[in-house]
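Architecture and fold: a report
Listed below, chain by chain, are the residues.
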Amino acid sequence: MRMKRIIVVVLVGLVALSAVLVVRAVLDVPVDDDRVERTAIADGFAEAEERLAGAIRFPTISSQDTSLVDTTAFLSLHAYLRDVYPGVFGTLRVERISGLSLLLTWEGSTQDRPPVLLMGHLDVVPPGADSLWVHPPFGGERLDGFVWGRGTLDDKIGVVAALEAVERLIAEGYQPERTFYLAFGHDEEVGGSNGAAVIADTLAARLDGKLSFVLDEGGFVGNGLLDGLDVPVALVGVAEKGYLTLELSALAPGGHSSAPPEVTAVGRVSRAVARLEAKPFPARVDGATRAMFEHVRPYMGVTRRVIFSNLWLLEPLVRSLMAADAGAAALIRTTTAATMIRGGVKENVLPTKATAIINFRILPGETIDTVTERVRRIIDDPDVGIAPVNVYFDPSPVSDPAAPPFALVRRTVRETIDMEDLVVTPFLVPAATDSRYFTGLSDNVYRFLPVVVGRDELETIHGAGERISAENVRACAAFLYQLIRNTEQLKDGPADQ
Ligand SMILES: [Zn+2]
């Protein structure tokens, strides 16, 4: 009798819980249901494609070793841009920063409103073996509806789209109310310390208050990138992960391999790496990634919609769903990647030193210090040295997706990108961008261009076969053109004034 009652209570409880889960899912209406008229601004950017192709022909490869940089390529690119965008370069104040970066200032008609910063970078990563490219990396070929070459997606499109937008606005006699800055760094791919960092210092010294918002590369429009979501998604980066590389090292006396110690230097370092891989960083669905799910879940299939609408209860399930896919896992945890290992010189000689290089991408909420501390704890071996390598930085702050400039970006995407059911969502950028140098100058730092890409095109960034469709080129220019105009209606929050 008592058993029966317990079963009934449990069943009633389960039914009630299911009802709660489903009701929460049903009540979860889209966050961005503003409907706007799509305009055909893109048609006015028919020549953008050819001008981008021209910019690709300058091999502006950056290098950690500045003596290896082909400065002529950068200066020739400057001259080219000056040539094809006479309106911009004749109207805006142009400054070269650290010799090869550009800072352009389009003075507004009033000083009362916080300025806006649009960013891009002039440098590219090396193309790799020529044989991998069907269309030469610096040929700037236009074929099959695409512009081909290194830098088409990352990130000469960002530079060209901004210049296209401003050139056209100037030709139309447009005068912005607030000041716009265009900042194009020359060393983003090697850390940005001479380009964006110096531009940020320059602006910090000039600005009275903060910038209204900053827009850089980093997010894009994805189709089929998220499991269970069949609508296209505009991923607007509101945060980016931090970056840390640690070198693990072990020293040993060496000697003949016929009389080895219990653990060699190679063994010690390998054990440390194995311990780290066995204990990934804890997964969390918070910050920008949680905001992303809140934006996209109304568009998911029934099962996933129920799951993602009830993160309060089902977050562990979401974590395990995401952890199964490397791309998704990067959005919910600090990642650990063992990328290099070295030790020993000869098969029968004991190594005196072994090292391993581990690259971490740090989730907002953690820091270089907390990550290093955890690594030390997990390796749990005082004989393994742990030291940071080269560039490292903490994750960015998370810009509030409820702030007015985010709504402005969202509206502009929907006005200029001709895609049915396009959802605009906040996003955690798993890679690093130059925009991180500006998080002290604005509360609203976004990383986005409306390039529509699939997984195969994403893989060409830093790989071979990089390309961008003519349609994407026009869409990016149209988006920035409209964004500048729409900024007139932007009500800056109290924080900006
Ligand atoms: Zn880039």
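Here the focus is the packing of helix 13 (residues 404-416) against helix 15 (residues 470-486). Interaxial distance between helix 13 and helix 15 falls to 9 Å at its minimum, and their mutual angle equals 135°. Taken together, the axis directions place helix 13 and helix 15 in an arrangement best described as oblique. At the point where helix 13 passes helix 15, the crossing takes the right-handed sense. Seen from helix 13, the contacting residues are Leu408, Val409, Arg411, Thr412, Val413, Glu415 and Thr416; seen from helix 15, they are Ala478, Phe479, Gln482, Leu483 and Asn486. Class assignment for the residues of the contact of helix 13 with helix 15 results in six nonpolar, four polar and two charged.

A few words now on the pattern of salt bridges. As enumerated under the stated definition, the model contains 21 salt bridges in all. Through salt bridges that share partners, Glu49, Glu50, Arg57 and Arg142 make up one connected network.

Attention now moves to the packing of aromatic side chains. Considering all chains together, one arrives at twelve aromatic pairs under this definition. On the numbers, 4.4 Å between centres and 40° between planes, the contact of phenylalanine 293 with phenylalanine 308 is tilted. Of this pair, phenylalanine 293 sits in helix 8 (residues 287-296) while phenylalanine 308 sits in helix 9 (residues 302-308); the two residues are 15 residues apart in sequence, bridging distant segments of the chain. Pair check on accessibility: phenylalanine 293 and phenylalanine 308 agree, each one buried. Taken together, Trp106, Tyr174 and Phe180 form an aromatic cluster joined through their ring pairs. Over the aromatic face of tyrosine 481 sits the side chain of arginine 168, whose NZ or CZ is 4.5 Å from the ring centroid. Directly above the aromatic system of phenylalanine 281 lies the positively charged group of arginine 374, at a separation of 4.3 Å from the ring centroid.

Let us now look at the coordination of the zinc ion. Bound to the zinc ion on the protein side are His121 (NE2), Asp154 (OD), Glu217 (OE) and Glu217 (OE), at distances that span 1.9 to 2.5 Å. Each donor residue of the zinc ion lies on one chain, and together they are spaced H-x32-D-x62-E. With aspartate 154 in helix 5 (residues 152-171) and glutamate 217 in the loop between strand 7 (213-216) and strand 8 (221-222), this residue pair connects regions lying 63 residues apart in the sequence.

For the rest of this paragraph, the subject is the pairing of strand 14 (residues 353-362). The element strand 14 is extensively covered by neighbouring structure, given that eight of its ten residues are classed as buried. The pairing of strand 10 (residues 242-251) with strand 14 spans ten bridges and is classified as antiparallel. Bridging across to strand 14, alanine 250 finds its partner in alanine 354. Looking at chain direction, strand 12 (residues 335-343) and strand 14 are connected through eight bridges and run antiparallel. Counted as the bridge partner of methionine 340 is isoleucine 357 from strand 14.

Before going further, it helps to spend a moment on the sheet that holds strand 12. Read from one edge to the other, the open sheet built from four strands follows the order 12-14-10-15, with strand pairing classed as antiparallel. Sheet topology places strand 12 and strand 15 (385-388) at the edges, where each strand pairs with a single neighbour. Looking at each pair of strands side by side, their axes are set apart by 20° on average, direction ignored. Together, strand 10, strand 12 and strand 14 form the strand contacts of helix 7 (residues 265-278), whose direction differs from that of strand 14 by roughly 15°. Each of strand 10, strand 14 and strand 15 is contacted by helix 12 (residues 368-379), which is oriented at about 30° to strand 10, the strand it contacts most.

For helix 10 (residues 311-323), with 13 residues, the first-to-last C-alpha span of 16 Å runs short of the 18 Å given by 1.5 Å per residue. Along its length, helix 10 shows its largest kink, about 35°, at leucine 317. Taken residue by residue, helix 10 has Leu311, Leu314, Glu315, Val318 and Met322 as its buried positions.

Spatially, 4-5-19 is the arrangement adopted by the three strands of the open sheet, whose pairing is antiparallel. Edge positions in the open sheet fall to strand 4 (142-143) and strand 19 (467-469), since each of these has one partner strand only. The sheet contact formed by strand 4 and strand 5 (residues 146-148) spans two bridges and is antiparallel. Residue pairing across strands places arginine 142 opposite valine 147, the latter belonging to strand 5. Sitting on the sheet, helix 2 (residues 48-56) is in contact with strand 4, strand 5 and strand 19, with an inclination near 10° to strand 5. Against the sheet, helix 5 makes contact with strand 5 and strand 19, and its axis sits at roughly 55° relative to strand 19, the strand it touches most.

The rules behind the values
Residues numbered from 1 in each chain as written. Predicted model: local features only at pLDDT ≥ 70, side-chain atom pairs only at ≥ 80, totals over all residues. Heavy atoms only, no water. Axes fitted to C-alpha atoms, helices over the stretch in contact; angles between N-to-C directions. Helix = DSSP H or I, 4+ residues; strand = E, 2+ residues; numbered from the N terminus. Parallel < 35°, antiparallel > 145°, perpendicular 65-115°, else oblique. Left-handed = near helix turned anticlockwise from the far one by under 90°. Contact = heavy atoms within 4.5 Å. Nonpolar A, V, L, I, M, F, W, Y, C, P; charged D, E, K, R; others polar. Salt bridge = Lys/Arg side-chain N within 4 Å of Asp/Glu carboxyl O. Phe/Tyr/Trp six-rings, centres within 6.5 Å; stacked < 30°, edge-to-face > 60°. Buried < 20%, exposed > 50% of the residue type's maximum accessible area, 1.4 Å probe, protein only. Lys NZ or Arg CZ within 6 Å of the ring centre and 35° of its normal. Donors = N, O, S within 2.8 Å, 3.2 Å for Na, K, Ca; no water. Pairing = 2+ DSSP bridges. Expected span 1.5 Å × (residues − 1). Bend = angle between axes of the 7 residues up to and from the residue.

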